[in-house]
Amino acid sequence: MIEIDYAAPRHAGIRALLGQSHALMRALFSPEDNHFLEIDDLCVPTIHFFGARVDGAYRACGALAVKDGYGEIKSFFTDPAARGMGLGQSVLEHIQSVAKDLQISELRLETGVGLDAAHRLYYKNGFRDCGPFGDYEASEYSVFMQKSLGI
């Protein structure tokens, strides 16, 4: 059974997931093309952080950063050993539900070129390509997406 709830980014299980995610991003992209948030940056009031547990162990995570006029998906990651279980879909649906509850009308995200499974998940859920937003700059290594939540 999948359980999704608010999670502390400093929890050992979440830190392990974020460590895997950060290691992957560092292996794929140069420092200037990495836009992940450090754990301390995820522990602020404008970030809603969620963890997905299977049999009590955290296997996926994702965050909703509340911005001026939109929400941004951050720190979205599934343990490679747990892929194919629908965790990414479940976390994404949860983030969208919380965003709607917060009256956020649009979600945006930045992800990396070559992360094809993530792209497929986002497209399947109605996200579409867009240009850079916020403090992001155009990069050959970034893919920017957005989705209206119909609010």
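Use the structure listed above.
Cut-off values and rules
- Residues numbered from 1 in each chain as written.
- Predicted model: local features only at pLDDT ≥ 70, side-chain atom pairs only at ≥ 80, totals over all residues.
- Heavy atoms only, no water.
- Core = buried A, V, L, I, M, F, W, Y, C linked by side-chain atoms within 4.5 Å.
- Buried < 20%, exposed > 50% of the residue type's maximum accessible area, 1.4 Å probe, protein only.
- Helix = DSSP H or I, 4+ residues; strand = E, 2+ residues; numbered from the N terminus.
- Contact = heavy atoms within 4.5 Å.
- Pairing = 2+ DSSP bridges.
- Axes fitted to C-alpha atoms, helices over the stretch in contact; angles between N-to-C directions.
- Parallel < 35°, antiparallel > 145°, perpendicular 65-115°, else oblique.
- Left-handed = near helix turned anticlockwise from the far one by under 90°.
- Nonpolar A, V, L, I, M, F, W, Y, C, P; charged D, E, K, R; others polar.
- Salt bridge = Lys/Arg side-chain N within 4 Å of Asp/Glu carboxyl O.

A. Focus on the nonpolar core. Residues Leu64, Ile73, Phe76, Tyr122 and Phe127 are the most contacted members of the largest nonpolar core, which totals 23 residues. At the level of secondary structure, the elements contributing two or more residues to this core comprise strand E2 (47-54), strand E3 (57-66), strand E4 (71-78), helix H2 (87-101), strand E5 (106-112), helix H3 (116-124) and strand E7 (142-148). Considering every element that reaches this core, the biggest residue donor is H2, with 6 residues. In contact with Tyr122, not counting residues within four places along its chain, are Ile73, Phe76, Leu92, Leu109, Phe127 and Met145. Core analysis: the second largest hydrophobic core is formed by 13 residues, Ile14, Leu17, Phe49 and Ala65 among them.

B. Highlighting the sheet that holds E4. Pairing is mixed across the open sheet formed by 7 strands, whose spatial order is E1-E2-E3-E4-E5-E7-E6. Each edge of the open sheet is held by one strand with a lone partner, namely strand E1 (2-6) and strand E6 (128-130). This sheet shows a mean twist of 30° between the axes of neighbouring strands, independent of strand direction. Set on the sheet, helix H1 (residues 12-28) makes contact with E2, E3 and E4; between it and E3 the angle comes to about 75°. Packed onto the sheet, H2 meets E1, E2, E3, E4, E5 and E7 and runs at close to 30° relative to E3.

C. Examining the packing of H2 against H3 more closely. Relative orientation of the contacting elements H2 and H3 amounts to 45°, with a least axis distance of 11 Å. With respect to H3, the element H2 is oriented oblique. Taken as a pair, H2 and H3 cross one another with a handedness that is right-handed. Mapping the contact onto sequence places Gly88, Gln89 and Leu92 in H2 and Leu121, Tyr122 and Lys124 in H3. Residue classes in the contact of H2 with H3 are distributed as 3 nonpolar, 2 polar and 1 charged.

D. Molecular detail of the pattern of salt bridges. On inspection of all chains with the given rule, the structure shows 7 salt bridges. Its salt-bridge partner being Asp5, residue Arg53 comes within 2.7 Å of it at the nearest N-O pair. Separated by 48 residues along the polypeptide, Arg53 in strand E2 and Asp5 in strand E1 bring together distant segments of the chain. A salt bridge links Lys74 to Glu72, with the shortest nitrogen-to-oxygen separation between them at 3.8 Å. A cluster of three or more residues bridged by salt bridges with shared partners is formed by Lys67, Glu72 and Lys74.

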